[in-house]
Structures are given as C-alpha cells and as structure tokens.
Amino acid sequence: MKEGTERKLIIDGKRLDGRGFEELRPIKIEIGVLKRADGSCYLEVGDNKVIAAVYGPREMHPRHAQDAKMAVIKYRYNMAPFSVDDRKRPGPDRRSVEISKVSREAFDPVIMKEYYPKMAIEVYVEMLQSDAGTRTAGINAASVALADAGIPMTDLVSSIAVGKIDGEVVLDLTGVEDNNGEADMPIAMIARTNTITALQMDGHLTKEEFKRGLKLAMGACHQIYELQRAALIERYSKSEGREEKKRD
Ligand code: UDP
C-alpha cells in the first residue's frame, strides 16, 4: 500500500477491470484436488490461484509442543516464487509469518480442538498466482479444505478485503488497486453468526468509511459462504465423491 493515488483507478464510475464498487471478482472452488491430503481445495478469486491442503488430526511433533488438552493448529501460508511479478525469494519471511498467524487465529473460534488432545491439525496454503487478497483467498480455501478433511468445526470461515481507491470504499481490491490505493482492510468472519474472527487494516479510513467498508465486507462474506457451502454440498451429494475418498 503506497500513500495516495499515483494513477487513476476509477474511470466513469467503473474500476479498471470494469467492476462496480461493491462487486466481487469471480470465484471458483474445487474440492478434493490432492490425493495425499486428508482435505484439499483449489480456489480462484479473480487472478488469485491458491491450493489449501489439510493433514490430520495426527500426532503432534515435536512432542514437547503438544497440548495435553487440545489439538495444536499449524497454519502455513506460502507464496510461490513464480506467483508474483518480481520473483519472490523462496521460504518464509516476516509477511508470510504474520499472515500465517492471523489466518490461524481466524479459525480458532470454529475448530473443535478439544476433541484431539496431543494432536496436530496442519493447514498448508500455497499461493500459485497472486493479485492482492491472497490471505483472504487462502482463508476461504483453508476453510473448505478443513471441512473436506472432516475436521469438526462449528462453522465455515469466509474472508474478503475492502479498501479505498480514488476516495471511494470498494470491495475486493486487485493488485493495481492495492498498490495505488489509500487503504486495504481484510476481514474474516463466521457468516452465519456475523462473528468477525480477523480484521487487519493497512492505510487510513475515516470512521464512516470503516463502517461502510465493514458492512460491505460482511455482505460479501455471506456471498462467499454460500459459494463454499454449495461447493461442499455438490462434492458430498455425489456418492462417487465419498467412494473416492474411502478408496484413497
Ligand atoms: N506481493 C508481491 N510480492 C510480495 C508480496 C506481495 O508481489 O512479496 C503482491 C501480491 O500480488 C499480493 C499483493 O502484493 O497479493 C498484496 O499483498 P498484501 O501483503 O497486501 O497481502 P494480500 O492482499 O495478498 O493478502
């Protein structure tokens, strides 16, 4: 996020990709894409492409890091070197450690960890292609992959960012909007109960803009929740889906 607008991002009331202010990018969800994972999901939001893989519950290693009362959730967000314009140096950095922590905490209220003392539930989120909003795309994919793995959860988590470009509050920023805009605010929530489980803010919003942005993001999370739900219902309403999983 850079200060101020270096280039015009809204022309004749439309954004550069033709979207309205309150419009999401197209979302595609595919479930069970990885054979060796207990649960997996491939998800696209516009030009973002992400794979989430879930393993476990399985024994937590190293043992000294086990929790005698509940499962430990491990969440690793990783950006592939080829996922961005300038090659990203492989391996963890400050940004990926922060995103992993915030994303893990977004799932804390829904995963029923107390069912699995001393175990680990591992979530791997791999960004294959990035165009801003990758942490939120990762949370959406992880949520579906956790459900696919059969991890007991009270609900799904849905996530999206809102921001400010050319003085307007808009939904779901692209890379060019994020780089040249005034603010970016990713949120994660349990749509069914309207419970926010993560909220970050980069840049500045007035109180009014914040309220408007939050309302917009919460509405979008409801839409995303319906897409996640529909993808899971489609996958598990087919008996072949279940058979495939049993055979693996
Ligand atoms: N980005 C990049 N190189 C990096 C980190 C980020 O090109 O090392 C790009 C990438 O497209 C990413 C965007 O900048 O999606 C916005 O990154 P941010 O840290 O705001 O997180 P995100 O919006 O992806 O959750």
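For the structure itself, look to the data block above.
Model, not experiment: these values are computed from the prediction.

A. Region of interest: the environment of Ala 37. Locating Ala 37 in the fold gives a position in the loop between β3 (27-31) and β4 (39-45). In this structure, the C-alpha to C-alpha distance between Ala 37 and Tyr 55, residues 18 residues apart in sequence, is 5.7 Å. Non-local contacts of Ala 37, meaning those with residues more than four positions away in its chain, are made with Ala 53, Val 54 and Tyr 55.

B. The arrangement of the site of the ligand in detail. Close contacts around the ligand come from Met 79, Val 84, Arg 95, Ser 130, Asp 131, Ala 132, Gly 133, Thr 134, Arg 135, Asp 178 and Asp 184, and that covers them all. Side-chain polar atom of Arg 135 to an oxygen atom of the ligand: 2.8 Å apart, as the coordinates give it. Contact with the protein chains covers 72% of the free accessible surface of the ligand, which is 510 Å². Per-class residue counts for the shell around the ligand are three nonpolar, three polar and five charged.

C. The packing of helix α2 (residues 134-148) against helix α4 (residues 207-237), seen in detail. Closest axis-to-axis distance for the α2/α4 pair is 11 Å, and the angle between their directions is 30°. Classified by the angle between their axes, α2 and α4 sit roughly parallel to one another. You can see that α2 and α4 cross each other, and the crossing is right-handed. Where α2 approaches α4, its residues Asn 140, Ser 143, Val 144, Ala 147 and Asp 148 are matched on the opposing element by Ile 224, Gln 228, Leu 232, Arg 235 and Tyr 236. When its residues are assigned to classes, the contact of α2 with α4 shows five nonpolar, three polar and two charged.

About the thresholds
Residues numbered from 1 in each chain as written. Predicted model: local features only at pLDDT ≥ 70, side-chain atom pairs only at ≥ 80, totals over all residues. Heavy atoms only, no water. Helix = DSSP H or I, 4+ residues; strand = E, 2+ residues; numbered from the N terminus. Contact = heavy atoms within 4.5 Å. Near = heavy atom within 4 Å. Polar contact = N/O pair within 3.5 Å; in protein donor to acceptor, adjacent residues only side chain to side chain. Areas by Shrake-Rupley, 256 points an atom, 1.4 Å probe, with all protein chains shown as cover. Nonpolar A, V, L, I, M, F, W, Y, C, P; charged D, E, K, R; others polar. Axes fitted to C-alpha atoms, helices over the stretch in contact; angles between N-to-C directions. Parallel < 35°, antiparallel > 145°, perpendicular 65-115°, else oblique. Left-handed = near helix turned anticlockwise from the far one by under 90°.

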